[in-house]
Amino acid sequence: MMLLYLGLGSNLGQPVRYLAAGLQALQTLPNASLIAVSGIYRTEPIGGPKQDDYFNLAALISYSGTLQQALCDCQAIEHQNQRIRNERWGPRTLDIDLLYSPHELSNTERLEVPHPRLTERLFVLAPLLQLPEADRISINNKVLKEWAALQDAQHIQLTPHHWNGADIVEPIEI
């Protein structure tokens, strides 16, 4: 079994529902166990066409298989959630990125782990830093917290939504 940090994002339809569907599907994978889920962040899109804000979170799973198999599993979950790849950085129902594994690296045309832009995106770093052991991850001689401090924080906002183990919920105001 290997630990695998994932990033999930959505900005089409009902993004929070797509994130929940992605987490629920990860829980049903026979070769994976969902360990932890970050808070959910709302962020402005970076690059690509004009589009709605994204909702992003990070998840930590234990996975028995290779990074290539994990990529196939994640892309199958995206496909089940109507993910269509029309244009780079375009809007999407569900995106699942393999961000980091302390046990395995990949540098192929199809898959790079650590994710090649992980250190450049606060919408990835902020949720990732909420997960166990992520504060110890070092890339190019800097821990993730140092990379996060270099990013512009004005376009990212933690939402009140959270994963309760079965669904994403929003606290009820009394």
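Look up: the structure comes first, before these words.
Here the residue index of a chain counts from 1 through its sequence in written order. Whole-chain, interface and lining totals are the exception, using all residues; otherwise, since this is a predicted model, local features are given only for residues with pLDDT of at least 70 and side-chain atom pairs are given and counted only at 80 or more. With hydrogens and water excluded, all non-hydrogen atoms of the structure serve as input to the side-chain values.

With that settled, the discussion passes to the packing of aromatic side chains. Pairing of aromatic rings covers Phe, Tyr and Trp, the last through its six-membered ring, and needs centres within 6.5 Å; plane angles under 30 degrees mean stacked, over 60 mean edge-to-face, and all others mean tilted. The tally for this structure, following the rule as stated, stands at one aromatic pair. Their ring planes at 50 degrees and their centres at 6.2 Å tell us that Tyr 5 and Tyr 100 sit as a pair that is tilted. Highlighted residues: Tyr 5 in strand β1 (residues 2–10) and Tyr 100 in strand β5 (residues 95–100), separated in sequence by 95 residues. Residues Tyr 5 and Tyr 100 agree in their burial class; the two are buried. The side chain of Lys 142 reaches across the aromatic face of Trp 147, ending 4.6 Å from its centre. In DSSP terms, a helix is any run of H or I states spanning at least four residues, a strand is any run of E spanning at least two, and both are numbered starting from the N terminus. Using a 1.4 Å probe on the protein chains alone, a residue whose accessible area is under 20% of its type maximum counts as buried, one over 50% counts as exposed, and one in between counts as partly exposed. For a lysine, the NZ atom is tested; for an arginine, the CZ atom; a charge sits over a ring if that atom is within 6 Å of the ring centre and within 35 degrees of the ring normal.

Only protein atoms enter the 1 Å grid used here, on which a cavity is any set of points holding a 1.4 Å probe that cannot leave and a pocket is any open set flanked by protein within 12 Å on both sides along at least five of seven lines; residues with an atom within 4 Å of a point are listed as lining. Grid points are joined across faces, edges and corners, and a volume is the space filled by probe spheres set on the points. Space inside the largest pocket adds up to approximately 900 Å³. Lining the largest pocket are 40 residues, with Arg 92, Asp 95, Asp 97, His 115 and Arg 117 sitting closest to its centre. Listing elements by their share of the lining of the largest pocket, those giving two or more residues are β1, β4 (54–63), α2 (67–80), β5 and α3 (122–128). Here the residues of the lining of the largest pocket sort into 16 nonpolar, 10 polar and 14 charged. Of the pockets and cavities examined, the second largest pocket occupies roughly 170 Å³. If you go around the second largest pocket, the residues you meet are Thr 43, Glu 44, Pro 45, Ile 46, Glu 120, Arg 121, Leu 122, Phe 123, Gln 151, Asp 152, His 155 and Ile 156. Three classes are used: nonpolar for Ala, Val, Leu, Ile, Met, Phe, Trp, Tyr, Cys and Pro, charged for Asp, Glu, Lys and Arg, and polar for all others, with Gly counted as polar.

Counting 31 residues, the largest nonpolar core has Leu 6, Leu 8, Leu 19, Leu 23, Leu 98 and Ile 168 as the members making the most contacts within it. At the level of elements, β1, α1 (15–28), β2 (32–37), β4, α2 and β5 are the ones that each hand at least two residues to this core. With six residues, α1 is the largest single contributor of residues to this core. Throughout, a residue-residue contact means that at least one pair of heavy atoms, one from each residue, lies within 4.5 Å. Beyond its immediate chain neighbours, meaning those up to four positions away, Leu 8 contacts Leu 19, Gly 22, Leu 23, Leu 26, Phe 55, Asn 56, Leu 57, Ala 59, Leu 94, Asp 95 and Ile 96. Core analysis: the second largest hydrophobic core is formed by 22 residues, Leu 118, Leu 125, Leu 128 and Ile 139 among them. By nonpolar core we mean a set of buried residues, namely Ala, Val, Leu, Ile, Met, Phe, Trp, Tyr and Cys, connected to one another through side-chain atoms within 4.5 Å.

Turning our attention to the environment of Ala 70. Inspection of the secondary structure assignment puts Ala 70 in helix α2. Each C-alpha atom, one on Ala 70 and one on Ala 153, is 31 Å from the other, the two residues being 83 residues apart in sequence. Aside from chain neighbours lying at most four places away, what touches Ala 70 is Leu 4, Tyr 63 and Leu 98.

Glancing now at the environment of Leu 3. Turning to its location among the elements, Leu 3 is positioned in strand β1. With relative accessibility at 26%, the residue Leu 3 sits in the partly exposed group. Sequence separation between Leu 3 and Ala 59 is 56 residues; the distance between their C-alpha atoms is 10 Å. The residues touching Leu 3, leaving out its near neighbours within four places in the chain, are Ile 35, Leu 60, Ile 61, Ser 62, Tyr 100, Ser 101, Pro 102 and His 103.

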